[in-house]
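Listed here are the chains, written in short residue letters.
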Amino acid sequence: MGIIKPIFIFIAVLFCHQVLADGLQKQAEVTALSIGERVVLPSDVLGENRVLNVYLPLSYSKGSSKKYPVLYLLDGSIEEDFIHIAGLVQFGSFSWIEMIPESIVVGIANVDRRRDFTFPTKNEDDKKEFPTTGQSQSFIRFLETELQPFIDEKYRTAATKTLIGQSLGGLLATEILFKKPDLFDNYIITSPSLWWDDESLLTYSPVLFSSKKSVFIAVGKESEDIERTGRELYDKLQALDNKNTELYFDYLKKQDHGDALHLAVYSAFEKIFKK
């Protein structure tokens with residue numbers, strides 16, 4: 001009898017707990033959580049639809065005339081870098097932080113990043129390992145003639161445009177900076193894959209520009225070629241001695257190729273958008 005009583009009490013408590021939990025579940029209202037918009041943009045240049053993930057600032061409303069800078073994020077799908085970069089932008093633009101102005105983030109989801117982010121290579125090993133590569137020219141044309149005009153038409157955008165790219169995305173960002181620099185005002189280039197095509201991009205003579213720009217380059221503790229060529233990119237730009245360019249370099253010794261982007265972007269925001 002002494003054993004049965006505690007068991008009965010335990011069963012009664014468990015039953016009451018389950019009844020309470022069931023009641024709370026019935027009262028709870030569950031709705032979808034959204035941090036932005038998903039846009040499918042048909043591209044004539046690329047011959048395919050491209051998915052865009054768009055974060056709008058908290059103050060963005062249809063009844064306002066305020067315009068916002070735009071950050072274009074390569075590798076910008078939900079499964080890649082969109083959520084954590086959009087979070088940095090939201091945090092950095094809080095009124096008690098003021099690290100970055102309230103901004104729109106456009107994450108460009110990938111279809112084939114090896115195809116879109118690389119120019120043609122003469123290296124046979126590159127061709128074998130990445131057989132679809134070499135179409136960056138088309139992707140850059142897509143950015144210039146389709147994506148940017150679409151974003152400017154659909155949203156209230158200010159003139160300032162920033163490009164964020166890491167790894168092969170950093171290679172593409174460097175190519176745009178060298179060949180079509182005025183597509184963007186700020187470039188955040190992290191762990192760029194400048195080893196591509198036997199480092200040929202580092203021998204390219206960049207197109208001169210007179211507009212004001214900020215260029216932030218960062219590498220982590222990663223492969224020798226990425227660390228070395230990242231520094232060489234910084235040295236090459238510094239040697240140009242362009243008075244209109246604010247140039248920054250960060251070495252993130254505690255980060256590697258996989259986790260350098262988040263801290264690099266945070267550091268870039270602090271430097272590029274400082275008051």
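The structure we're discussing is the one just above.
The paragraphs below set out a description of the structure included in this document.

The rules behind these values
- Here the residue numbering is sequential within each chain, running from 1 through the sequence in written order.
- Under the rules for a predicted model, residues below a pLDDT of 70 receive no local features and side-chain atom pairs below 80 are neither given nor counted, while totals for whole chains, interfaces and linings still include all residues.
- Note that the side-chain values use all heavy atoms of the structure and ignore hydrogens as well as water.
- Buriedness for pockets is judged along seven lines, at least five of which must meet protein on both sides within 12 Å for an open set on the 1 Å grid over protein atoms alone, while cavities are sets there where a 1.4 Å probe fits but cannot get out, and lining residues have an atom within 4 Å of a point.
- Grid points are joined across faces, edges and corners, and a volume is the space filled by probe spheres set on the points.
- Helix and strand assignments come from DSSP, with helices taken as H or I runs of at least 4 residues and strands as E runs of at least 2, each series counted from the N terminus.
- Under the grouping applied here, Gly and all other residues not named as nonpolar or charged are polar, the nonpolar ones being Ala, Val, Leu, Ile, Met, Phe, Trp, Tyr, Cys and Pro and the charged ones Asp, Glu, Lys and Arg.
- Each residue is placed in one exposure class: buried if its accessible area under a 1.4 Å probe, protein chains only, is under 20% of its type's maximum, exposed if it is over 50%, and partly exposed if it falls in between.
- We treat two strands as partners when DSSP finds at least two bridges between them.
- Convention used here: a crossover is right-handed provided that the path from the first strand, over the helix, to the second strand proceeds clockwise when the strands point away from the viewer.
- Axes here refer to lines fitted to C-alpha atoms; in helices the fit is confined to the stretch in contact. Angles between the N-to-C directions go from 0 to 180 degrees.
- Roughly parallel refers to an angle under 35 degrees, roughly antiparallel to one over 145, roughly perpendicular to one between 65 and 115, and oblique to any angle outside these ranges.
- Left-handed describes a crossing whose near helix is turned anticlockwise from the far helix through less than a right angle; right-handed describes the clockwise counterpart.
- Whether two residues touch is decided by their heavy atoms; if any such pair falls within 4.5 Å, the residues are in contact.
- Two N or O atoms form a polar contact when they lie within 3.5 Å of each other; inside protein one atom must be a possible hydrogen donor and the other a possible acceptor, and for residues adjacent in sequence the pair counts only when both atoms belong to side chains.
- Note on aromatic pairs: the rings of Phe, Tyr and Trp (six-membered ring only in Trp) are paired at centre separations within 6.5 Å, and the planes decide the class, stacked below 30 degrees, edge-to-face beyond 60, tilted for the rest.
- We define a salt bridge as a contact between a side-chain nitrogen of Lys or Arg and a carboxyl oxygen of Asp or Glu at a distance within 4 Å.

### Some remarks on the layout of surface pockets
Roughly 220 Å³ of internal volume is contained in the largest pocket. Around the largest pocket, the lining is made up of 14 residues, and of these Phe209, Leu237, Leu240, Asn242 and Thr245 lie nearest the centre. For the lining of the largest pocket, the secondary-structure elements that each account for two or more residues are α6 (168-179), α8 (224-240) and β8 (245-252). Per-element accounting of the lining of the largest pocket gives the leading share, 3 residues, to α8. Looking at the lining of the largest pocket residue by residue, the class counts come to 10 nonpolar, 3 polar and 1 charged.

### As for the pairing of β8
Taken across its 8 residues, β8 has 6 buried, putting it largely inside the fold. Relative to β8, strand β7 (residues 213-220) is paired through 8 bridges, and the arrangement is parallel. Counted as the bridge partner of Ala218 is Asp250 from β8. Note that the unit made of β7, α8 and β8 has a crossover that is right-handed.

### Re the packing of α6 against α8
At a minimum axis separation of 13 Å, α6 and α8 run at an interaxial angle of 15°. The pairing of α6 with α8 is recorded here as roughly parallel in orientation. Crossing of α6 over α8 shows left-handed handedness. In contact with Thr174, Leu177 and Phe178 of α6, α8 contributes Leu233, Lys236 and Leu237. Here the contact of α6 with α8 is built from residues that sort into 4 nonpolar, 1 polar and 1 charged.

### Thoughts on the environment of Lys180
Here Lys180 lies in the loop between α6 and β6 (186-190). In this structure Lys180 touches Ile140, Glu144, Glu175 and Tyr187, once residues within four positions along its chain are discounted. Here the side chain of Lys180 touches Glu144 through a polar contact of 3.4 Å, side chain to side chain.

### Quick word on the side chain of Asn186
Its location among the elements puts Asn186 in strand β6. Look at Asn186 and you get buried, because its relative accessible area is 7%. Polar contacts involving the side chain of Asn186 include one to the side chain of Thr162, which spans 3.0 Å. In contact with Asn186, not counting residues within four places along its chain, are Thr160, Lys161, Thr162, Leu163, Ser214, Ile272 and Phe273.

### Here's the deal with the pairing of β7
With 8 of 8 residues buried, β7 lies mostly within the body of the structure. Judged by which residues are buried, β7 turns out to be covered on both faces: Lys213, Val215, Ile217 and Val219 on one side and Ser214, Phe216, Ala218 and Gly220 on the other are all buried. Of the pairings in the sheet, the one linking β6 to β7 comprises 5 bridges and is parallel in character. Paired with Thr190 across the bridge in β7 is Ala218.

### Quick word on the packing of aromatic side chains
Scanning the model with the defined rule gives 14 aromatic pairs in all. Seen from their ring centres, Phe94 and Trp96 are 4.6 Å apart, and the 15° between their planes marks the pair as stacked. Among the residues examined, Phe94 registers a relative accessible area of 22% and is labelled partly exposed. Overall, the relative accessible area of 64% leaves Trp96 in the exposed class. Between the aromatic rings of Phe130 and Trp195, the centroid separation amounts to 6.4 Å while the plane-to-plane angle is 35°, which identifies the pairing as tilted. Taken together, the residues span a long stretch of sequence, with Phe130 in the loop between α4 (124-129) and α5 (136-154) and Trp195 in the loop between β6 and α7 (196-199) at a distance of 65 residues. A residue is classified by how much of its surface remains accessible, and Trp195, at 24% relative accessible area, is partly exposed.

### Digging into the pattern of salt bridges
Enumeration over the complete set of coordinates arrives at 16 salt bridges. Its salt-bridge partner being Arg50, residue Glu48 comes within 3.0 Å of it at the nearest N-O pair. Here Glu48 matches Arg50 in class, with each residue buried. Between Glu124 and Lys127 there is a salt bridge, with the nearest N and O atoms lying 3.4 Å from each other.

In short, the description is geometric, and any link to function would need to be established separately.
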